[in-house]
Amino acid sequence: MATIEPEPAFTKSKAMELPRSVVIGHDALAQIGEMTAKLKLGRRALVVADPTTMKVAGETVVQRLVDQRIKVEEYIIPDSTMAAVRAAEAQIRKSDLDFALGVGGGKSIDVAKCASHQSGAHFISVPTAASHDGVVSSRASITGDKGEKLSLVAQTPVAVVMDTKIISESPFRLLAAGCGDILSNLSAVRDWILARNLRNEYYSSYAAALSEMAAKLVLENAPNIKPRLEESAWFVCKALVSAGVAMSIAGSSRPASGSEHKFSHALDRIAEKPALHGEQVGVGTIMMMYLHNGDWEGIRNALLAIGAPTTARALGVADDEVMEALVHAHEINKDRYTILGDEGLTHEAAERLAHITKVI
Ligand SMILES: [Zn+2]
């Protein structure tokens, strides 16, 4: 879809913050000590994990760092809240730590990402599941003090370590959700092109092409993505890294987040029991691709082949909640122009859309 076009006139400078080191593979955790030493990040580290991910991967990380004579402190998160971010930040400052490692599915990573950013420390991402592209990006979702969901800009990890053995042993539902988050790049890029054409918004053809390529690879290889298959985990991890790099190049989440993400964020607010982020954006992508006159059925088939939800029922949300989310999606992050426009969908249009795409 994205054609290579000249970038806008060279009148502005643009910073791209990219990871310096990415390790993906079997037993990748074993390399974390040497990799950290090579990056010369310092000799004092904070490992942020939850009680489960500490056991699954955190303890190995600590051991490998200690082997390199790095002094390690631990912070076990209760949840990804602002309070946890402040506590981790205070620990980094108090002990004058050089870098923080987030070890977990998403919450530990988000807390470590924000706390290290705010205290000026480096950040290393060590995902134990591949459920969304936040494991590679600079963004973090944190629950605010009043229980509100915040999407914060923190920092890009200086390194990413994805151990495919550990990731393939995490629940398959998480990996399937990660595929939904990658497929969402297809509608996100279409929204981006629309914003460039209608709003003259900054657009990077490199970032768009990279982001779409990751999604197309998942689309084409969907039948091969299977539970407990380490190759599947490896494949999804690579695609998540590509999506993360696309965001780094763009300097925003534009290449990987459009109308389908607005739908998911609206559903988070409306639904009594929201599903996983990647599951919701996957369903959102089916519907937004219909609006874009794109191959929504291809996306639906891919999600079905992977075993990811394609209906409200499979998401565990009510049909009404899906329609409400569609009607209100355009109100989320209004600066980001998408196919939903400034007015959004009428209730009747939302119902029609959800019916045609077999979501309800
Ligand atoms: Zn996402």
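Anyway, here's the lowdown on the structure attached to this text. Note that the structure is predicted; figures quoted are calculated from it, not measured.

Definitions and limits used
Residues numbered from 1 in each chain as written. Predicted model: local features only at pLDDT ≥ 70, side-chain atom pairs only at ≥ 80, totals over all residues. Heavy atoms only, no water. Pairing = 2+ DSSP bridges. Helix = DSSP H or I, 4+ residues; strand = E, 2+ residues; numbered from the N terminus. Axes fitted to C-alpha atoms, helices over the stretch in contact; angles between N-to-C directions. Contact = heavy atoms within 4.5 Å. Phe/Tyr/Trp six-rings, centres within 6.5 Å; stacked < 30°, edge-to-face > 60°. Buried < 20%, exposed > 50% of the residue type's maximum accessible area, 1.4 Å probe, protein only. Lys NZ or Arg CZ within 6 Å of the ring centre and 35° of its normal. Patch = residues over 30% accessible without salt bridge, like charges linked within 9 Å, V, L, I, M, F, W, Y side chains within 5 Å. Areas by Shrake-Rupley, 256 points an atom, 1.4 Å probe, with all protein chains shown as cover. Salt bridge = Lys/Arg side-chain N within 4 Å of Asp/Glu carboxyl O. Lys, Arg positive; Asp, Glu negative; His and termini not counted. Charge placed at Lys NZ, Arg CZ, Asp CG, Glu CD. Core = buried A, V, L, I, M, F, W, Y, C linked by side-chain atoms within 4.5 Å. Donors = N, O, S within 2.8 Å, 3.2 Å for Na, K, Ca; no water. Tetrahedral: all angles 85-135°; square planar, octahedral: opposite > 155°, others 65-115°.

Spatial strand order, β1-β8-β5-β4-β2-β3: 6 strands in an open sheet with parallel pairing. Each edge of the sheet is formed by a strand with only one pairing partner; in this case those strands are β1 (21-25) and β3 (71-76). With strand direction ignored, the average angle separating the axes of adjacent strands in the sheet is 15°. Direction of pairing for strand β2 (residues 44-49) relative to strand β4 (residues 99-104): parallel, over a ladder of 5 bridges. Residue pairing in the sheet places Ala-49 in a bridge with Val-103 of β4. Along the sheet, helix α3 (residues 82-94) makes contact with β2, β3 and β4, crossing β3 at roughly 165°. Helix α4 (residues 107-119) rests against β2, β3, β4 and β5 (122-127) of the sheet, and its axis sits at about 165° to β4.

For the structure on display, the rule yields 2 aromatic pairs. Their ring planes at 70° and their centres at 6.2 Å tell us that Tyr-290 and Trp-296 sit as a pair that is edge-to-face. Among the residues examined, Tyr-290 registers a relative accessible area of 24% and is labelled partly exposed. The positively charged end of Arg-196 is found above the aromatic ring belonging to Tyr-203, 4.6 Å away from the centroid.

Together, Asp-319, Asp-320, Glu-324, Glu-348 and Glu-351 make up a region of like negative charge exposed at the surface. Put simply, the parts of the chain that give the negative patch at least two residues each are α14 (319-328) and α15 (347-356). The dominant element in the negative patch, judged by the number of residues it contributes, is α14, at 3 residues. Counting through the fold element by element, Glu-324 comes out in helix α14.

Take the side chain of Glu-89 next. You can see Glu-89 is positioned in helix α3. Of the residues examined, Glu-89 reaches a relative accessible area of 14% and is grouped as buried. In contact with Glu-89, not counting residues within four places along its chain, are Ala-115, Gln-118 and Ser-119.

If you look at the biggest cluster of nonpolar residues, it comprises 53 residues, and the most contacted ones within it are Val-111 and Val-218. The contact partners of Val-111, leaving out residues within four places of it in the chain, are Val-48, Tyr-75, Ile-77, Asp-79, Ser-80, Ala-84, Val-85, Ala-88 and Ile-142.

Once that is clear, we can look at the coordination of the zinc ion. Asp-181 (OD), Asp-181 (OD), His-261 (NE2) and His-277 (NE2) make up the full set of protein donors to the zinc ion, lying at 2.1 to 2.8 Å. Given 4 donor atoms and angles of 51 to 144° at the metal, the environment of the zinc ion is assigned as irregular. Counting the intervening residues between successive donors of the zinc ion yields the motif D-x79-H-x15-H. Taken together, the residues His-261 in helix α10 (residues 259-270) and His-277 in helix α11 (residues 277-291) connect sequence positions 16 residues apart. Given the relative accessible area of 5%, His-261 is considered buried.

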